[in-house]
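Descriptive analysis of the structure
Below, each chain spelled out in residue letters.
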Amino acid sequence: MSKFKDSLNIASHVSFSRIVNLMLLKLSYILSKISKRSFHKGLPYALSIEPTTACNLACPECPSGLKQFTRATGKLDLEFHKKMLVSVGKQVFYVNYYFQGEPFLHPQFLDLIKEAKQHKIYTATSTNAHFIDSKKAKEIVESGLDRLIISIDGLTQKTYENYRISGQLYKVIEGTKEIIKAKKEANSQTPHLIFQFLVVKQNEHEIDDLYKLANELGIKDVRLKTAQFYDYKNGNVLMPENESYARYKKLKDGTFTLKYKVGNHCWRMWSSSVITWDGSIVPCCFDKDAQHVLGSLKTTDFTTIWKDKRYHQFRTSVLTHRNQIDICQNCSEGAKVWI
């Protein structure tokens, strides 16, 4: 029922003009897949906007946690954000305020959410929940945030810190309880809460207990996430033993390969885009270090960037040789499992 209400909430943000835009996007995507030529009508209905690249944890497969970015660390300016929402157009009705970093390290993060709600946009974010106390939980509910993904990657401190290095599991549990309490006190359906569990070798035995904990707390939506490894050919100490929880499969020679067959297509290149904290436009969330910048909102409006030659060329490369694009080589978007 909780998932259904969340779906209804998303649908409530769709207007007639936004539906027309969606239809144009889908039609142009289908034609592009068939012709293998980039054909594009409409503007993205969804965005990921990065509040900050700063993070309090040191997760081993995250460039933000490892402090290995070549791009600058910073936070989104509130006035720039206002101009950004105007630039991206009225057709956008879904914004995920997350890319890299921990959103709640941005001191005015909830002001970003409030501004987006003024534009009738469905808002979501993902957090490690280390900064949610009673006061912050009430502010989150009052902000109008529609969806909150809470990363809980272990049910004991020992399993949790295998990936969430420098993290404290008790803070995740307490933060979750505070949000649930704040929602009840305000009699609010939002934010829709999701427990996200990154499955690794050290925690895969806890999955059944994860669902039990979620039920006890009142979390109705639990999602298992496969871990991405930058260097997976010879395995990884975090790689799950159960291949159904992994992006990779073991070959006869003992090495590993992606278990997905990635086709020359990607709906994300037509439906959405990613904006870094300093206004750079990158193709998708796999370009974590912004190596494929397609334009900047500091110098150019979004529509011009979206229709620019660079974006067109990138979409064409996805349609013709996606497996050769570095950021696509570890992605399962639109993929099929190898038989």
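Every value quoted in this text rests on a predicted model; they were computed, and no experiment measured them.

Criteria and thresholds
- Residues numbered from 1 in each chain as written.
- Predicted model: local features only at pLDDT ≥ 70, side-chain atom pairs only at ≥ 80, totals over all residues.
- Heavy atoms only, no water.
- Buried < 20%, exposed > 50% of the residue type's maximum accessible area, 1.4 Å probe, protein only.
- Helix = DSSP H or I, 4+ residues; strand = E, 2+ residues; numbered from the N terminus.
- Pairing = 2+ DSSP bridges.
- Salt bridge = Lys/Arg side-chain N within 4 Å of Asp/Glu carboxyl O.
- Axes fitted to C-alpha atoms, helices over the stretch in contact; angles between N-to-C directions.
- Parallel < 35°, antiparallel > 145°, perpendicular 65-115°, else oblique.
- Left-handed = near helix turned anticlockwise from the far one by under 90°.
- Contact = heavy atoms within 4.5 Å.
- Core = buried A, V, L, I, M, F, W, Y, C linked by side-chain atoms within 4.5 Å.
- Polar contact = N/O pair within 3.5 Å; in protein donor to acceptor, adjacent residues only side chain to side chain.

A word on the pairing of strand 10 (residues 272-275). Along strand 10, one buried face is formed by Ser272 and Val274 and the opposite face, lined by Ser273 and Ile275, is buried too. The pairing of strand 10 with strand 11 (residues 280-282) spans two bridges and is classified as antiparallel. Bridging from a neighbouring strand, Val274 pairs with Val282 of strand 11. Hairpin connection from strand 10 to strand 11: four residues lie between these consecutive antiparallel strands, with Gly279 at a positive phi of about 95 degrees.

It is worth spelling out the pattern of salt bridges at this point. As enumerated under the stated definition, the model contains twelve salt bridges in all. In this structure, Asp146 engages Lys117 in a salt bridge whose closest nitrogen and oxygen atoms are separated by 2.7 Å. Within this pair, whereas Asp146 is found in the loop between helix 5 (134-143) and strand 4 (147-151), its partner Lys117 is found in helix 4 (residues 109-118), the two being separated by 29 residues in sequence. Under the relative-accessibility criterion, Lys117 is labelled partly exposed at 23%. Overlapping salt bridges bring together Lys3, Asp221 and Arg223 as one network.

Turning our eyes to something else, we now look at the packing of helix 3 (residues 78-88) against helix 4. At a closest axis distance of 10 Å, the pairing of helix 3 and helix 4 adopts a crossing angle of 25 degrees. Here helix 4 runs roughly parallel to helix 3, going by the angle between their axes. Handedness of the crossing formed by helix 3 with helix 4: right-handed. Contacts between helix 3 and helix 4 pair Leu78, His81, Lys82 and Leu85 from the former with Asp111, Leu112, Glu115 and Ala116 from the latter.

Turning our eyes to something else, we now look at the nonpolar core. By size, the foremost hydrophobic cluster in this structure holds 84 residues, and its most contacted members are Ile49, Tyr97 and Phe195. Counting residues per element, this core draws most heavily on helix 7 (residues 169-186), which supplies six residues. Each residue touching Tyr97, except ones within four places of it in the same chain, is listed here: Ile49, Pro51, His81, Leu85, Pro103, Phe109, Leu112, Ile113, Ala116, Thr123, Ala124 and Thr125.

So, on to the side chain of Thr53. Residue placement: Thr53 occurs in the loop between strand 1 (46-49) and helix 3. Residue classification places Thr53 among the buried positions, given a relative accessible area of 3%. Within the local environment of Thr53, its side chain forms a polar contact with the backbone nitrogen of Gly74, the two atoms lying 3.1 Å apart. Setting aside residues up to four positions removed in sequence, Thr53 forms contacts with Ser64, Phe69, Arg71, Ala72, Thr73, Gly74, Gln100, Gly101 and Trp277.

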